[in-house]
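So you can see what is in the structure, the chains are spelled out below.
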Amino acid sequence: MEDGNEENKDDVDELEDEVDGNDDVAHDHREGHAGMVASATDALFSSFVFGTTSWLLVQMFGCFTIWKCLLGGVLVSKKLMMVDWSQLPYDIIRLIAIRLNAVEDFLSFSFVCHSWRSFYLTKSWTPGPQIPWLMLSDNENSDIRSFFSLYKNKVYELELPEARGRRCWGSPHGWIVIIGSDLEIRLLNPFSRACINLPPQSTFDGQFDFHSAWYQFIDKAIIIKKSNESHTIEEEFLVMVIYGPYQDLAFSRPGYTSWVNVEVSSYFRFLDVVLFNDQIFALCYVGDLVVIEIDAPGPPTVLYIAPPPHQLAWEKLYLVESSGDLLMVYRYEYVTLSGYPSLTQFEVYKFDLSMREWTKLEDLGNMALFVGDNYSMSVSSSNIFNCECNKIYFITDTVEQWWSYNESFIGRDVGMYCMVDGTVEPFFFGADYPSYYSCPIWVMPSLS
Amino acid sequence: MSSSLEKNMLILRSSDGEEFIVPEVVAVMSKAIKNMVEDECASNTIPVPNVDANILAMVIEFCKKHDESEAEAASDLKTFDSEFVNRGQEALYDLITAANFRDVKELLDALCQNVAEMIKGKSVHHIRIQFLGYQLFEILTSNFIWNIWCDRDFD
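Residues numbered from 1 in each chain as written. Chains lettered and ligands numbered in written order. Predicted model: local features only at pLDDT ≥ 70, side-chain atom pairs only at ≥ 80, totals over all residues. Heavy atoms only, no water.

### A closer look at the overall build of chain B
Then, number 1: The helix and strand inventory of chain B stands at 8 helices and 3 strands.
Then, number 2: The N-to-C order of helical and strand elements in chain B reads β-β-α-α-β-α-α-α-α-α-α.
Then, number 3: Looking at chain B as a whole, 47% of its 155 residues qualify as buried.
Then, number 4: Within chain B, contacts between residues separated by at least 24 positions form 54% of all contacts whose residues are at least 6 apart in sequence.
Then, number 5: Entry remark: accessible area of chain B is about 7600 Å², with carbon and sulfur atoms responsible for 49%. (Helix = DSSP H or I, 4+ residues; strand = E, 2+ residues; numbered from the N terminus. Buried < 20%, exposed > 50% of the residue type's maximum accessible area, 1.4 Å probe, protein only. Contact = heavy atoms within 4.5 Å. Areas by Shrake-Rupley, 256 points an atom, 1.4 Å probe, with all protein chains shown as cover.)

Below, the structure written as structure tokens:
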């Protein structure tokens, strides 16, 4: 009898503990700490909103649970575990957490219970190399943004009102650039929801073409982060945007009052920008490689480096830094006889700095590239977190193309291109309905 | 009894009173015991509170193996470690707390690595079932939404 009472008391303590956690943390109730009845209503709520579980099934479970609850079913199920892992000391929680490599695993671990979250709350977890998440299109009617994790093959829905109704560009640093119809431009970390203002669109030197819409003004935004210098977070970031009807280039930093234009002749229409060897390389129409110097005194300068490897028509060009090499990625779209879907093909060229010429790469080795409406990224480890090496992960990133689809994306136009045999394997992340201003982007998860 | 003991042997007494005679080199793999021996505040019999005979025997087995196999190939030791830590929930938990309490670094590392491997690739829901036994709770709340970034004081 006494034993039973003790168990009972422990359970009550723990419930109280977890309810305390709920007080601190908004939305935590969805994870169902608060108790049987609350979790039943939560499940009903979430099935209403997200329709992931059959309503009927949940209701049946709900009845079942309330019934079990009345019979003390909770205590029965708790008694099966003779040890209480939620009572692990902080040191051990830390030792386990630092052995988890993926952000997804660390977050799952941290949200198991209140005490396991203690290390997460110290914000001192430093992850190793990760693979990007796919941030899906915006739904104007909701503050929820979906993220697809290749590793867990699962869609996570995060509350992110900051990005609602805004077009976004991804980066390998965990940050994205956002612009909205108010023409405000910001840096946002969708994982921590930290936000940094950038100068608004009105401070661009270039003339705004009033015939184009707000989401067409910026063609591509690239976040460059120099982490090796011990600057403040504001000084770390350099944001470069390709904008306007002539695809001009401008840059700014947090704290600047305006965007600084990179003055060039009209011949240069910029396509992509990347940081390589601490220099800013850019691709110009029709594939010419240039270096942009912005830190020297005087106005920014553009230095011509090399012509493109060939003049064939391409759909899109990307510039990628990959394990010490500068790569140019050609994307081609071939219309098939049936009209749609079109056939996506890629070609990769590596730049030889001393010879100043491009050589074709048949193989990416243990690298995987991620291209789309974001800073093009490469992941160097082979086959980590379900990421296959020697593949190009791509998204159709032309806004105009998204309009023409007018239907949901179910893995089409988003896929893996295999460098060995040239095949495209789609990956499926559920239905995604692109809006006229927003398409999926790659962004590297970062908790800091 | 202590006079009949060899010089470099120690007696460890578990929480339930069972005594183990172990070489000092093995016993001092626990930093806590090492400190006691160095401070000479221990007689030949060292009480190990909070650790019962069953768990203490396992810890000693682990330490003996690590002490003996210093010269052996590291891969053999790794195999032994991974087999050693492959235990049921209860033994694993008791071993972890014992290793933490007595400060046995090698054992703690191997155990935490094992727990981390058990967690990798699983959802919050599955981890809870595995470690906390919240089956009934969680069947209902294993919903799609995973509001992980609910701590909004993050900057």
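### Observations concerning the packing of helix α5 (residues 89-102) of chain B against helix α6 (residues 105-119) of chain B
Residue and element names in this part refer to chain B.
Then, number 1: Two numbers describe how α5 lies on α6: the axes approach to 9 Å, and their chain directions differ by 140°. Classified by the angle between their axes, α5 and α6 sit oblique to one another. Between α5 and α6 the crossing geometry is left-handed. Packed against α5, whose contacting residues are Gln89, Leu92, Leu95, Ile96, Ala99 and Asn100, the element α6 presents Leu107, Leu108, Leu111, Asn114, Val115 and Met118 at the interface. (Axes fitted to C-alpha atoms, helices over the stretch in contact; angles between N-to-C directions. Parallel < 35°, antiparallel > 145°, perpendicular 65-115°, else oblique. Left-handed = near helix turned anticlockwise from the far one by under 90°.)

### So, the nonpolar core
Then, number 1: Judged by nonpolar contacts, the single largest core of 64 residues is most densely connected at Trp85, Leu88, Ile96 and Trp116 of chain A together with Leu107, Ile119 and Phe131 of chain B.
Then, number 2: A total of 9 residues in this core trace back to one element, the largest contributor, which is α6 of chain B.
Then, number 3: Those residues in contact with leucine 88 of chain A, other than ones at most four positions away along the chain, are Ile93, Ile96 and Trp116 of chain A together with Tyr93 and Ile96 of chain B. (Core = buried A, V, L, I, M, F, W, Y, C linked by side-chain atoms within 4.5 Å.)

### Brief notes about the environment of serine 435 of chain A
Residues and elements named next belong to chain A.
Then, number 1: By the secondary structure assignment, serine 435 is in the loop between β24 (424-426) and β25 (441-443).
Then, number 2: Each C-alpha atom of the pair serine 435 and aspartate 138 lies 6.5 Å from the other, and the pair is 297 residues apart in sequence.
Then, number 3: Ignoring anything within four residues of it in the chain, the contact list for serine 435 reads Ser137 and Asp138.

### Quick word on the pattern of salt bridges
Residues and elements named next belong to chain A.
Then, number 1: Going through the model one piece at a time under the given rule, you end up with 15 salt bridges over all chains.
Then, number 2: In this structure, arginine 166 engages aspartate 182 in a salt bridge whose closest nitrogen and oxygen atoms are separated by 3.0 Å. Within this pair, whereas arginine 166 is found in the loop between β3 (154-159) and β4 (167-169), its partner aspartate 182 is found in the loop between β5 (176-179) and β6 (185-188), the two being separated by 16 residues in sequence.
Then, number 3: The class of arginine 166 is buried, set by a relative accessible area of 12%. (Salt bridge = Lys/Arg side-chain N within 4 Å of Asp/Glu carboxyl O.)

### Topic: the packing of helix α5 (residues 90-97) of chain A against α6 of chain B
Then, number 1: For the pair α5 of chain A and α6 of chain B, the least separation of the axes is 8 Å and the interaxial angle reads 60°. By the criterion of interaxial angle, the relationship of α5 of chain A to α6 of chain B is oblique. Relative to α6 of chain B, the crossing made by α5 of chain A is right-handed. Seen from α5 of chain A, the contacting residues are Ile92, Leu95 and Ile96 of chain A; seen from α6 of chain B, they are Leu108, Cys112, Val115, Ala116 and Ile119 of chain B.
Then, number 2: Here the contact of α5 of chain A with α6 of chain B is built from residues that sort into 8 nonpolar, no polar and no charged. (Nonpolar A, V, L, I, M, F, W, Y, C, P; charged D, E, K, R; others polar.)

### Brief notes about the sheet that holds β3 of chain A
Backbone-to-backbone hydrogen bonds pair the strands of a sheet. The strands run either parallel or antiparallel.
Residue and element names in this part refer to chain A.
Then, number 1: If you trace the 4 strands from one edge of the open sheet to the other, you get β3-β2-β1-β25, paired in antiparallel fashion. A single partner strand is all that each edge strand has here, and the edge strands are β3 and β25. Adjacent strand axes in the sheet meet at a mean angle of 35° when their direction is disregarded.
Then, number 2: The pairing of strand β2 (residues 144-149) with β3 spans 6 bridges and is antiparallel. Looking at β3, one finds that phenylalanine 148 is bridged to valine 155. (Pairing = 2+ DSSP bridges.)

### Overview of helix α3 (residues 53-68) of chain B
Then, number 1: In a regular helix each residue adds 1.5 Å, so 16 residues correspond to 22 Å; α3 of chain B covers 22 Å between its end C-alpha atoms and thus fits that length.
Then, number 2: Tucked inside the fold, the buried residues of α3 of chain B contact β1 (9-13), β2 (19-23), α1 (24-27), α4 (74-84), α5 and α6 of chain B. (Expected span 1.5 Å × (residues − 1).)

### Some points on the confidence of the model for chain B
All names here are of chain B.
Then, number 1: Summary statistics for chain B give a mean pLDDT of 75 and a share of 75% for residues scoring 70 or more.
Then, number 2: Here helix α8 (residues 135-141) stands out as the element of chain B with the lowest mean pLDDT, 46, in contrast to α6, whose mean of 88 is the highest.
Then, number 3: The low-confidence segment residues 135-155 (pLDDT under 50) makes 84 contacts with residues lying over four places distant or belonging to another chain.
Then, number 4: For this predicted complex, the interface score ipTM comes out at 0.80, alongside a pTM of 0.73. (pLDDT = per-residue confidence, 0-100.)

### Remarks on the side chain of serine 376 of chain A
Residues and elements named next belong to chain A.
Then, number 1: Considering the arrangement of structural elements, one finds serine 376 in the loop between β20 (368-371) and β21 (377-379).
Then, number 2: On the basis of relative accessible area, serine 376 is assigned to the buried category, the value being 3%.
Then, number 3: Once residues within four sequence positions are removed from consideration, serine 376 is found in contact with Lys220, Asp272, Tyr318, Leu319, Val320, Phe370 and Val371.

### Thoughts on the side chain of serine 322 of chain A
Residue and element names in this part refer to chain A.
Then, number 1: Following the sequence through the fold, serine 322 ends up in strand β16 (residues 316-322).
Then, number 2: Owing to a relative accessible area of 4%, serine 322 belongs among the buried residues under this scheme.
Then, number 3: Once residues within four sequence positions are removed from consideration, serine 322 is found in contact with Leu327, Met367, Leu369 and Ser378.

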